Amino acid sequence: MVFLPILDPVLGCASYLLGDDAVGTAVVVDPLEAVGADAYIVRAAEHGLAIEHIVESHVHADHASAAAALGAALRLPVSLHPDAHPTYPHRPLADGEEIAVGSLALTVWHTPGHTPDSLSLVARDTTRSQTPWFALTGDALFVGDVGRPDLVEGEGEEAVRAAAASLYRSLHQRLLTLPDEVEIYPAHYGASACGGLFMSRKPWSTVGFERRANRALQAPDEQSFLRHVLGLLKPPPPDARALRRRNLGLGPDTPAPEAGP
Ligand SMILES: [Fe+2]
């Protein structure tokens, strides 16, 4: 298996190039414009891989995505959750669906809360084991913190509270059901705008360590979790709305699709 994290330390963004070099195929998750669409193609080629899937864990509000540009360059649709509603060519990913790249199997888990369309990908190397090895947790679970629930355009106080409750369920009913030894690879680290105050500058961790040491996961019940998350929200980044629209493929004045955020 090829596993290449590709980071932007300035904005605290993490993208991933994963593949099976035995069959020569790869998937790119959360490609970054700061890295450049072409760079992913070059990195894949350096490892003898052709990119077959491009996945967005959610519509990002803190940085410019390269997903649409990479999709256009490779003539591939971008795979994301149906609630994302981008304007560029895309393929909806349902909860429970599996993306297979040779022996690498990525099971899609819908883990909303940070945004309604947030996905996690639970990975297995099927040549070695049928049990999960690691998970790309998008902006649901970070190292030291969890995704903020207030960056979706137009949300009021009640909607943000509902999103935080949704995040609690995504964490406790989904991601924390994974065994302790499963590694987590989030979409952000450090001082990223998408998380709270306690995100680590170390990009990766395990489910077990976060279960014990992540402050947001120590809340004993949903109400305590809501008080913790909603009481510690950072100011939203001033360009969040513009970046979400850009990452949906919308111009500054283009109306969003009816069912979109
Ligand atoms: Fe995000």
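Every value quoted in this text rests on a predicted model; they were computed, and no experiment measured them.

Reading the values: the criteria
Residues numbered from 1 in each chain as written. Predicted model: local features only at pLDDT ≥ 70, side-chain atom pairs only at ≥ 80, totals over all residues. Heavy atoms only, no water. Axes fitted to C-alpha atoms, helices over the stretch in contact; angles between N-to-C directions. Helix = DSSP H or I, 4+ residues; strand = E, 2+ residues; numbered from the N terminus. Parallel < 35°, antiparallel > 145°, perpendicular 65-115°, else oblique. Left-handed = near helix turned anticlockwise from the far one by under 90°. Contact = heavy atoms within 4.5 Å. Nonpolar A, V, L, I, M, F, W, Y, C, P; charged D, E, K, R; others polar. Donors = N, O, S within 2.8 Å, 3.2 Å for Na, K, Ca; no water. Tetrahedral: all angles 85-135°; square planar, octahedral: opposite > 155°, others 65-115°. Pairing = 2+ DSSP bridges.

Points about the packing of helix α3 (residues 157-174) against helix α5 (residues 222-231)
With their axes 10 Å apart at the nearest point, α3 and α5 run at an angle of 120° to one another. As the angle between them shows, α3 and α5 are arranged oblique. Considering the relative orientation of α3 and α5, their crossing is right-handed. Contacts from V160, R161, A164, A165, L167, Y168, R169 and L171 in α3 reach E222, Q223, F225, L226 and L230 in α5. The class makeup of the residues in the contact of α3 with α5 is nine nonpolar, one polar and three charged.

Concerning the coordination of the iron ion
Six octahedral donors at a metal ideally form angles of 90 or 180 degrees, and four tetrahedral donors ideally form angles of 109.5 degrees. Bound to the iron ion on the protein side are H58 (NE2), H114 (NE2), D139 (OD) and C194 (SG), at distances that span 2.0 to 2.6 Å. Every donor counted, the four donor atoms about the iron ion form angles of 89 to 165° at the centre, which fits irregular coordination. Positions of the donor residues of the iron ion, expressed as sequence spacing, correspond to H-x55-H-x24-D-x54-C. Here H58 is found in the loop between β4 (50-55) and α2 (67-74), whereas its partner C194 is found in the loop between β11 (183-186) and β12 (205-206), with 136 residues between them in sequence.

Some words on the sheet that holds β11
In a beta sheet, neighbouring strands are held together by backbone hydrogen bonds and run either parallel or antiparallel to one another. Spatially, six strands are ordered β7-β8-β9-β10-β11-β12 in an open sheet, and the strand pairing comes out mixed. Here the strands that pair on one side only, and so sit at the sheet edges, are β7 (98-101) and β12. The pairing of β7 with strand β8 (residues 104-110) spans four bridges and is classified as antiparallel. Bridge pairing in β8 links E98 to T107.

Comments concerning the sheet that holds strand β6 (residues 90-92)
In spatial order, the strands read β1-β2-β3-β4-β5-β6; together these six strands make up an open sheet with mixed pairing. Only two strands of the sheet have a single partner each, and these edge strands are β1 (2-8) and β6. This sheet shows a mean twist of 25° between the axes of neighbouring strands, independent of strand direction. Where strand β2 (residues 13-20) and strand β3 (residues 25-29) come together, five bridges link them in antiparallel fashion. Bridged to L18 within β3 is V27. Along the sheet, α2 contacts β3, β4 and β5 (78-80); its crossing angle with β4, the most-contacted strand, is approximately 145°.

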